[in-house]
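Examining the three-dimensional arrangement
Chain by chain, the residues:
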Amino acid sequence: MKERIEIESRDVALILFGPNDSHLRILRKKLKVKIILKGNCLIIDGDEENVSFAIATLKTILDAIDVTDEKGFDHDKLQWLLAGVGENEKSSPLNIIIPGGKKIEPKSKGQEKYIKAMRNSDLVFGVGPAGTGKTYLAVACAVEALKLGRVKRIILARPAVEAGERLGFLPGDMQDKVNPYLRPLYDALDDMLTRGEKAQYFETNVIEVAPLAFMRGRTLSKSFVILDEAQNTTPGQMKMFLTRLGADSQAIVTGDITQIDLDEGKNSGLIHAEKILTGINGISFVKLTEIDVVRHRLVKSIIKAYSLDNNCD
């Protein structure tokens, strides 16, 4: 079986193949296919199963190549990208590989659909109850994209709605005031980065965590942007956030419409966005349910019980 992958230029192929075809030899051995350059196409030849898997893997690798930074794609980076690719891992394009060794696998069909959407769409809405991995998987994809060079920075935002975004009564400086609202995002980062990496990224503003109100007036280019707890935005705030997206950026919006903490009379920007944005090319909505919950076994039952109760405030 033969398949083609179109590439931007032969320069991309030269970087992919490596000095004296050193990368190419690794790829052929690992993916068990022949890889030939013909014009601006890569020809992949081999068994049908291996070819399908090789194409998915090579597309991920090609996304990580920056022709303006040839030295940035070396042997180590290739090995990172190939980490976790094994004999019986034909579904691994849906795994999230954090360069350095950590591999995160979807634990439900809903999570598979969510990861697939994040692979293929510039704007993804992940909607579902607590414990379905909405935030965790979004942060994992962001860290993967950062380490593979697809983006230059990660922006994590969350509405601090419990305090009406007026945080002055809390002690400390502004970072101290917003930290309680952003803790889930920090927890996800802690599971994917070493303490030294995390400190360095924050010090250099490669990773920025901020309340939603701080996004106004900005343009976020070459960034992976996550808006967490989006059910607590108003339609105006949601529009403000979505229009921050700049060139070569991706945004993930997560939320649980069963836990809206807005003041009475205010509409949720997440619900409003689904009504007006569904069907637009490049935007994906993924619905997760209690079936996708990966926390304690009781959480699924608790969520189902509350969904049947109309007396919960």
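The structure contained in this document is the topic of the report that follows.

A few words on empty space enclosed by the protein. Under the defined criterion, the tally for this structure stands at 2 cavities of 30 Å³ or more. Volume-wise, the second largest cavity comes out at about 50 Å³. Considering the residues around the second largest cavity, the lining is formed by Leu123, Leu220, Val225, Phe241, Leu242, Arg244, Leu245 and Ala251. Tallied by class, the residues present in the lining of the second largest cavity amount to 7 nonpolar, no polar and 1 charged.

For Lys32, which is not glycine, the phi dihedral falls at a positive 60°. Looking at the secondary structure, you find Lys32 in the loop between helix H2 (22–31) and strand E2 (34–38). Positioned with a positive phi, Asp248 is a non-glycine residue whose angle comes to about 55°. Within the secondary structure layout, Asp248 lies in the loop between helix H9 (235–242) and strand E10 (250–255).

What follows deals with the pattern of salt bridges. With the rule as written, the count across this model stands at 10 salt bridges. The closest approach of N and O atoms between Glu197 and Lys147, which form a salt bridge, is 2.7 Å. Of the two residues, Glu197 is situated in helix H8 (residues 195–203) and Lys147 in helix H6 (residues 134–147); the sequence distance between them amounts to 50 residues. Since its relative accessible area comes to 22%, Glu197 is described here as partly exposed. With a closest N to O distance of 3.2 Å, Glu208 and Arg153 form a salt bridge. With Glu208 in strand E8 (residues 207–211) and Arg153 in strand E7 (residues 153–158), this residue pair connects regions lying 55 residues apart in the sequence. Judged by its relative accessible area of 18%, Glu208 is buried.

Spatial strand order, E8-E7-E9-E10-E6-E11: 6 strands in an open sheet with parallel pairing. At either end of the open sheet lies a strand with only one pairing partner, and these are E8 and strand E11 (283–287). Averaged over all pairs of adjacent strands, the angle between strand axes in this sheet comes to 15°, irrespective of strand direction. Looking at chain direction, strand E6 (residues 123–127) and E11 are connected through 5 bridges and run parallel.

Counted residue by residue, E10 has 6 buried out of 6 residues, so it is predominantly covered. Residue alternation in E10 divides its side chains into two sets, Gln250, Ile252 and Thr254 and Ala251, Val253 and Gly255, and both sets are buried. Sheet analysis places E6 next to E10, joined by 5 bridges and oriented parallel. Directly across from Leu123, in E10, lies its bridge partner Ala251. By the bridge criterion, 4 bridges tie strand E9 (residues 223–227) to E10 in an arrangement that is parallel. If you follow Val225 over to E10, its bridge partner there is Ala251. For the crossover from E9 across H9 to E10, the handedness is right-handed.

Reading guide: rules and limits
Residues numbered from 1 in each chain as written. Predicted model: local features only at pLDDT ≥ 70, side-chain atom pairs only at ≥ 80, totals over all residues. Heavy atoms only, no water. 1 Å grid on protein atoms, 1.4 Å probe; cavity = no way out; pocket = protein on both sides within 12 Å on 5 of 7 lines; lining within 4 Å. Points joined across faces, edges and corners; volume = space filled by probe spheres on them. Nonpolar A, V, L, I, M, F, W, Y, C, P; charged D, E, K, R; others polar. Helix = DSSP H or I, 4+ residues; strand = E, 2+ residues; numbered from the N terminus. Salt bridge = Lys/Arg side-chain N within 4 Å of Asp/Glu carboxyl O. Buried < 20%, exposed > 50% of the residue type's maximum accessible area, 1.4 Å probe, protein only. Pairing = 2+ DSSP bridges. Axes fitted to C-alpha atoms, helices over the stretch in contact; angles between N-to-C directions. Right-handed = clockwise from strand over helix to strand, strands pointing away.

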